[in-house]
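# Coordinate analysis (summary)
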Amino acid sequence: MKPAIHVASLRKTFTARDGSTRTVLKNLDLDVGAGEFLCILGPSGCGKSTLLNVLAGLDKVYDGTADVSGGRIGYLFQEPRLLPWLTAEGNLDFALSSCRVPTKRWEQLKSRYLAMTGLSDYRNYYPHQISGGMAQRLALVRALCVEPGILLMDEPFSGLDEITARRIRTDLLTIWEETRKTIVFVTHNAYEACFLADRILVMMGGAFEQEMRVPIPRPRSYDDSAVFELSRDVIRAFGDGMGRPTPAGRWPGNVAHGWSATSTATLPPA
Amino acid sequence: MLKVISLLAAVIFWGLLSLTLPPDIFPGPLETVKALWGEIAGGRVGTDLVMTMLRVVGGLVLALLLGVPVGVLMGLNRRAEAVLDVWVMIGLTVPSLCYAIMAFMWFGLNEGAAIVAIAVTAAPSITINIWEGVKNVDTKLVAMARVFEAPRSTIVRRVLMPQIYPYVMASARFGLGIIWKITVLVELIGRPNGVGFKLFYWYQLADMRQVLAWTLLFTIIMLLIELAILKPIERRIFAWRPEVAV
Ligand SMILES: Nc1ncnc2c1ncn2[C@@H]1O[C@H](COP(=O)(O)OP(=O)(O)O)[C@@H](O)[C@H]1O
Ligand SMILES: [Mg+2]
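Residues numbered from 1 in each chain as written. Chains lettered and ligands numbered in written order. Predicted model: local features only at pLDDT ≥ 70, side-chain atom pairs only at ≥ 80, totals over all residues. Heavy atoms only, no water.

### Observations regarding the packing of helix α5 (residues 96-107) of chain B against helix α8 (residues 152-190) of chain B
All names here are of chain B. The geometry of α5 relative to α8 is characterised by a closest axis approach of 10 Å and an angle of 45° between their N-to-C directions. The orientation of α5 with respect to α8, classified from their angle, is oblique. Like other packed secondary-structure pairs, α5 and α8 cross with a definite hand, here right-handed. Touching Ser96, Leu97, Ala100, Ile101 and Phe104 of α5 are Ile182, Leu185, Val186, Ile189 and Gly190, all from α8. Residues that form the contact of α5 with α8 fall into these classes: 8 nonpolar, 2 polar and no charged. (Axes fitted to C-alpha atoms, helices over the stretch in contact; angles between N-to-C directions. Helix = DSSP H or I, 4+ residues; strand = E, 2+ residues; numbered from the N terminus. Parallel < 35°, antiparallel > 145°, perpendicular 65-115°, else oblique. Left-handed = near helix turned anticlockwise from the far one by under 90°. Contact = heavy atoms within 4.5 Å. Nonpolar A, V, L, I, M, F, W, Y, C, P; charged D, E, K, R; others polar.)

### Some details on the domain arrangement of chain A
Residues and elements named next belong to chain A. Splitting chain A by domain gives domain 1 (5-71 + 149-261) and domain 2 (84-147). Each of domain 1 and domain 2 has a C-alpha centre, and these two points are 26 Å apart. The interface is formed by 15 residues belonging to domain 1 together with 12 residues belonging to domain 2. Interface area lost by domain 1 to domain 2 is led by Leu151, Ile168 and Ile175, which between them contribute 37%. (Domains from an automatic or database assignment. Buried area = accessible area lost by both parts, 1.4 Å probe.)

### Thoughts on the packing of aromatic side chains
One pass over the full model with this rule turns up 11 aromatic pairs over all chains. Ring geometry for Phe197 of chain B and Tyr201 of chain B: centres 6.3 Å apart, planes at 20°, overall stacked. Taken together, the residues span about one helical turn, with Phe197 of chain B and Tyr201 of chain B both in helix α9 (residues 195-204) at a distance of 4 residues. Its relative accessible area of 36% is what places Tyr201 of chain B among the partly exposed residues. Ring-pair connections join several aromatic residues into one group, and the members of that group are Phe37, Phe157, Trp176 and Phe185 of chain A. The positively charged end of Arg81 of chain A is found above the aromatic ring belonging to Phe77 of chain A, 3.7 Å away from the centroid. (Phe/Tyr/Trp six-rings, centres within 6.5 Å; stacked < 30°, edge-to-face > 60°. Buried < 20%, exposed > 50% of the residue type's maximum accessible area, 1.4 Å probe, protein only. Lys NZ or Arg CZ within 6 Å of the ring centre and 35° of its normal.)

### With respect to the packing of helix α3 (residues 46-76) of chain B against helix α4 (residues 78-93) of chain B
Residue and element names in this part refer to chain B. Closest axis-to-axis distance for the α3/α4 pair is 6 Å, and the angle between their directions is 130°. It follows that α3 is oblique to α4 by the angle criterion. As α3 runs across α4, the sense of the crossing is left-handed. For the pair formed by α3 and α4, the contact residues are Val70, Leu73, Met74 and Leu76 on the first element and Arg78, Ala80, Glu81, Leu84, Asp85 and Val88 on the second. For the contact of α3 with α4, a count of residues per class yields 7 nonpolar, no polar and 3 charged.

### Considerations on the interface of chain B and chain A
Every contact between the two is made by 20 residues of chain B and, on the other side, 26 residues of chain A. Between chain B and chain A, a total of about 2100 Å² is buried, with carbon and sulfur atoms accounting for 67% of that surface. Between chain B and chain A we count 2 salt bridges in total. Salt-bridge contacts for Lys140 of chain B lead to Glu79 of chain A; the nearest nitrogen and oxygen are separated by 3.4 Å. Our count for the contact surface shared by chain B and chain A stands at 4 residue pairs in polar contact (both at pLDDT 80 or more). Residue assignment for the side of chain B that touches chain A shows that the elements contributing at least two residues are α7 (139-147) and α8 of chain B. At 7 residues, α7 of chain B tops the list of elements feeding residues into the side of chain B that touches chain A. In terms of residue class, the side of chain B that touches chain A is built from 12 nonpolar, 2 polar and 6 charged. (Salt bridge = Lys/Arg side-chain N within 4 Å of Asp/Glu carboxyl O. Polar contact = N/O pair within 3.5 Å; in protein donor to acceptor, adjacent residues only side chain to side chain.)

### So, helix α10 (residues 208-237) of chain B
In an α-helix, one turn spans 3.6 residues, which is why side chains three or four residues apart end up on the same side. Residues and elements named next belong to chain B. End to end, α10 covers 42 Å across 30 residues, agreeing with the expected 44 Å (1.5 Å per residue, within 8%). All of the buried residues in α10 are Gln210, Val211, Leu212, Ala213, Trp214, Leu217, Phe218, Met222, Ile225, Leu230 and Glu234. Elements in contact with the buried residues of α10: α1 (2-18), α2 (29-41), α3, α8 and α9. Sitting at the head of α10, Asp207 places a side-chain oxygen 3.1 Å from the backbone nitrogen of Arg209. (Expected span 1.5 Å × (residues − 1).)

In C-alpha cells:
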C-alpha cells in the first residue's frame, strides 16, 4: 500500500542573517502508512517541529522529498493557537469555512467532537474564559472537525498538567481507534510515546537514531505496567534522559522490544 | 466617583486660585460659566464649533489615510522600515507650527491647507503605533490559518486585521489628542472662524472671561466625544477581551 507520508533524503538548513548556516534535518527517510500512529521521540531542539512544518507545508524550503498524500492535513500545535476574538464555536467555524467544509455538515462535526472532548457546553466561551487544558482540547476539536486524513501533533499535551494530559491522551486514542487517521505525534515524553504509538522513532540532532514497534496490544490502558516498563527502557536508552546520543549497542531489549537501528533496517509501514 | 470628586476639587481650586488676581485677568469658574452661557444663549458658538469639528474630523481621516499604510508597510518590510524610520522621526520632530505655516504659504489660506497641516502633524505618531502593531502580529496564528488552507485574503481579513485593530484604535485616539491642539493653532494663524480663531480674537481684546469660556467649551466637547463616542466603540470592538481588574 502507498504510504500516507513519504520522506526521502530530507535536509533542512537554516541560514542566519549573518550568512552562517545550520543543518537541522539531516537526510531523513520516513514512510508512514495510512492509519498508522507514529510517535517521534526526541529531546528539544532535535528538529521535530521543523520536520512537522515541512510535512504541513508551512515550510517549503528544503532539499529532498516530502510527499504527503491521503487527505487534508490537521496540525495540532504545542499551544492552542485559538483566535482570541472568536468564541470556541467561532474558532471551529473559522477552520471549517477556511477548509471549505460544506456548511450543512458543520453542526454534525462540531457537536460530535465537542461532545467527545466534553466541551459541548462551552461553545459560546471565549478562549480566555476556558482553562489551558480546555483550550488545547478545543484546538484538538478544531483539527479533527475538518476531517483530516493526516494529523500532525507537535508536543500537544506537554504544556498541560498531568491529569488533564492523561485524559486527553486517552480521548485521542479513542478517536483514533474510531477514525483511523494517520497520526504523526511528536513528543519528548517517552511514556506518552509508548502509550500512544504503533511505532516510535527516536530522533536526535536532526536524524532518526532508532526505531521500534510498540508491541502492547490495544486497547491500551494508561496504567498498564507494560507501558511503564517499555518507557523505562526507552528513557534509559535515551541518553540518560539528557538527550545525549546512545551507542546503538546500549539500546535495551533489542530483541525483546524489536529495537533496530534505522540505518540498518527501515521498517516498511504497517 | 473618584472622577467626579477630582473634577469638583479642581473647580474649587480654580475658584480659590482666581481670587489671587483681579477677575478681569483671572476669572473664576462662576464668571467663566456665565460668559460661556452668554455666548451659547446668544447663538455665537455654533458655527465656530462646527467648523473646528469638521477640521478635526477631516484632519483625522487624512492622518489615518497617510499614517496607517506607511505603518503597515514599515511593519511588513524590513527595507521600508530602514528607509522610513528616519523620516518618521523627522516628521515627529518638526514643530506643528512649521507644518501650518508651510501649508498656508504653499496651498493658500484655505480649508484644504488647514486639513493638510493638521493631518501631517498627526500622521507620524499614528504611523509609529501601527508599525508597532504590525510588528507584534502573532505569526503563529497565521501559520495556524495556513494549515487550515485559509486563502490569503481570509488570513488578512480574519487573522491579521483583528490583531491590528487595537493599534488603529489606539493611534486614532492618540492622533485625536494631537489633532485637537494643532487644529486650534491652525485656526489661529490661517482661518476666519473656529475655536482657535475665537480664542485669539478674545486674547487680542484681552477678554480673559471669553478666553476661558471658549477653552472650557472646547474641553467639555472633547471630553464628551471621548466618553460618549470613542469609549463605547472601543468597548464594543474589544468585547472579547478579558476584563482587567483595576
Ligand atoms: N527559523 C529558524 N531559524 C534558525 N534556526 C531555527 C529556526 N527554527 C528552528 N531552528 C533551530 O533548529 C533546531 C530544531 O528546532 P525545532 O525543530 O524547533 O526543535 P524541536 O521541535 O525538536 O524542539 C533548533 O536548534 C532551533 O534553534
Ligand atoms: Mg518543537
